[in-house]
Amino acid sequence: MANLVEEFNAYRAKMNEKMLEDNNKVLKRIFNLDTNAFTEGALSKRTKELLGLGNSLVLRCDDCVKYHLEECYKLGLSKEEVVEGMSVSLLIGGTIVIPHLRKAYEYWEALENS
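Residues numbered from 1 in each chain as written. Predicted model: local features only at pLDDT ≥ 70, side-chain atom pairs only at ≥ 80, totals over all residues. Heavy atoms only, no water.

## What about the overall build of the chain?
Then, number 1: For the chain, the count of helices and strands is 6 helices and 0 strands.
Then, number 2: Along the chain direction, N to C, the helices and strands of the chain fall in the order α-α-α-α-α-α.
Then, number 3: Against the compact-globule benchmark of 13 Å for 114 residues, the chain has a radius of gyration of 15 Å, which places it among compact chains.
Then, number 4: A principal-axis box enclosing the C-alpha atoms of the chain has dimensions of 40 × 35 × 30 Å.
Then, number 5: Burial analysis of the chain (114 residues in total) assigns 27% to the buried set.
Then, number 6: Here the contacts in the chain between residues at least 6 apart in sequence split such that 63% fall between residues at least 24 apart.
Then, number 7: When the accessible area of the chain is evaluated, it comes to approximately 7400 Å², of which 55% is carbon and sulfur surface.
Then, number 8: Between the centroid of the 15 positive side chains of the chain and the centroid of its 18 negative side chains there is a distance of 7 Å. (Helix = DSSP H or I, 4+ residues; strand = E, 2+ residues; numbered from the N terminus. Rg over C-alpha atoms; globule rule 2.2 N^0.38 Å. Buried < 20%, exposed > 50% of the residue type's maximum accessible area, 1.4 Å probe, protein only. Contact = heavy atoms within 4.5 Å. Areas by Shrake-Rupley, 256 points an atom, 1.4 Å probe, with all protein chains shown as cover. Lys, Arg positive; Asp, Glu negative; His and termini not counted. Charge placed at Lys NZ, Arg CZ, Asp CG, Glu CD.)

## Observations concerning helix α4 (residues 62-74)
Then, number 1: Across its 13 residues, α4 extends 18 Å between first and last C-alpha, which sits within 8% of the 18 Å expected from 1.5 Å per residue.
Then, number 2: Among the residues making up α4, those that are buried are Asp-62, Val-65, Lys-66, His-68, Leu-69, Glu-70, Glu-71 and Cys-72.
Then, number 3: Positive backbone phi, at 85°, marks Gly-76, one or two positions downstream of α4. (Expected span 1.5 Å × (residues − 1).)

## Here's the deal with a nonpolar patch on the surface
Then, number 1: Judged by side-chain polarity, Met-19, Leu-20 and Leu-27 come together as a nonpolar surface patch covering roughly 200 Å² of accessible area.
Then, number 2: One can find Met-19 in helix α1 (residues 2-21). (Patch = residues over 30% accessible without salt bridge, like charges linked within 9 Å, V, L, I, M, F, W, Y side chains within 5 Å. Salt bridge = Lys/Arg side-chain N within 4 Å of Asp/Glu carboxyl O.)

## Some thoughts on the nonpolar core
Then, number 1: Ranked by size, the top nonpolar core spans 17 residues in total, and within it Leu-69, Val-82 and Met-86 carry the most contacts.
Then, number 2: In terms of residues, this core owes the most to one element, helix α6 (residues 98-112), which gives 6 residues.
Then, number 3: Excluding its chain neighbours within four sequence positions, the residues that come into contact with Leu-69 are Leu-53, Val-82, Met-86, Ala-104, Tyr-107, Trp-108 and Leu-111. (Core = buried A, V, L, I, M, F, W, Y, C linked by side-chain atoms within 4.5 Å.)

## Here's the deal with the packing of α4 against α6
Then, number 1: α6 packs onto α4 with a crossing angle of 35° between their chain directions and a minimal axis gap of 10 Å. Crossing geometry of α4 relative to α6 is assigned as right-handed. Across from Asp-62, Val-65, Lys-66, Leu-69, Glu-70, Cys-72 and Tyr-73 in α4, the residues of α6 making contact are His-100, Lys-103, Ala-104, Tyr-107, Trp-108, Leu-111 and Glu-112.
Then, number 2: A per-class count over the contact of α4 with α6 returns 8 nonpolar, 1 polar and 5 charged. (Axes fitted to C-alpha atoms, helices over the stretch in contact; angles between N-to-C directions. Left-handed = near helix turned anticlockwise from the far one by under 90°. Nonpolar A, V, L, I, M, F, W, Y, C, P; charged D, E, K, R; others polar.)

Right, dumping it as structure tokens:
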């Protein structure tokens, strides 16, 4: 299971590097905006990561779900907090979210076992 986390992070880092090598102004600005949006502010980083996770589930972006799950894990959110957040996303997104929720559970388990 830990391989799942390592493989995702290695692929993400490799491809992000390739994209940024092109020195495209729009890409760089979006990456910067994304980084800055998740810093501490009126909302805590923990809250922002849960919001990112929830939106990613509803939008059905498995890579984004993995990223935000890992950030939640690093910030010390409990499984109960993460599952409660994801349950709200399931309610909002409907049953189409269930396959992505399965992958989220699998990835959380991999994080716990890494």
